[in-house]
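Letter by letter, the chains look like this.
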Amino acid sequence: LKDILGNVHEWCWDWHVSLPGTVLTDYEGATSGTTKIISGGDYTCSAAQMRIGGRRSISPTRSTAQNGFRLVRTLN
C-alpha cells in the first residue's frame, strides 16, 4: 500500500456528497453533482493528510499536476 499513496490524489468516480450515516456495502453514491471526490494525498501533503481514506472534493473541470487516477477492473 505504501506505493499507491503520495504521488497524486486519486480521482474517483463518485460525486462528492455527504456520506450516509449507516454502513453500506458497495455504496455507489449520487448519480450527479458539481464536484468529484479525490482521495489519498499527493507529494505536497503532510504525513497527516496522507491517508487512503481521506476525501476531498474538486471540480471535474479543474486539472492539476497533483491529480491522477488508477485503472481498475472487476474480477470475474
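Structure's up top.
Residues numbered from 1 in each chain as written. Predicted model: local features only at pLDDT ≥ 70, side-chain atom pairs only at ≥ 80, totals over all residues. Heavy atoms only, no water.

J.: For this particular structure, what's the right way to read the environment of Gly68?
T.: Within the fold, Gly68 resides in strand S4 (residues 67-68). C-alpha of Gly68 to C-alpha of Trp13: the two residues are 55 residues apart in sequence and 12 Å apart in space. Those residues in contact with Gly68, other than ones at most four positions away along the chain, are Val8, His9, Glu10 and Trp11. (Helix = DSSP H or I, 4+ residues; strand = E, 2+ residues; numbered from the N terminus. Contact = heavy atoms within 4.5 Å.)

J.: When you look at the pairing of strand S1 (residues 9-15) in this model, what are you seeing that I'm missing?
T.: A regular strand places its side chains on the two faces of the sheet in alternate fashion. Taken together, the two bridges between S1 and S4 define a ladder with parallel strand orientation. Within S4, the position partnered with His9 by the bridge is Asn67. With three bridges connecting them, S1 and strand S2 (residues 36-39) associate as antiparallel partners. Across the sheet, Glu10 pairs through a bridge with Ser39, a residue of S2. (Pairing = 2+ DSSP bridges.)

J.: Looking at this model, I keep getting lost on a nonpolar patch on the surface. Mind explaining?
T.: Residues Leu19, Leu24 and Tyr27 make up a contiguous nonpolar surface patch of roughly 290 Å² in combined accessible area. Looking at where Tyr27 falls in the secondary structure, it is placed in the loop between S1 and S2. Given a relative accessible area of 36%, Tyr27 falls into the partly exposed group. (Patch = residues over 30% accessible without salt bridge, like charges linked within 9 Å, V, L, I, M, F, W, Y side chains within 5 Å. Areas by Shrake-Rupley, 256 points an atom, 1.4 Å probe, with all protein chains shown as cover. Salt bridge = Lys/Arg side-chain N within 4 Å of Asp/Glu carboxyl O. Buried < 20%, exposed > 50% of the residue type's maximum accessible area, 1.4 Å probe, protein only.)

J.: For this particular structure, what's the right way to read the environment of Leu19?
T.: Mapping Leu19 onto the fold places it in the loop between S1 and S2. Judged by its relative accessible area of 49%, Leu19 falls in the partly exposed class. The spacing of Leu19 and Ala30 is eleven residues in sequence and 9.8 Å in space, taken between C-alpha atoms. Setting aside chain neighbours within four positions, we find Leu19 in contact with Tyr27 and Arg55.

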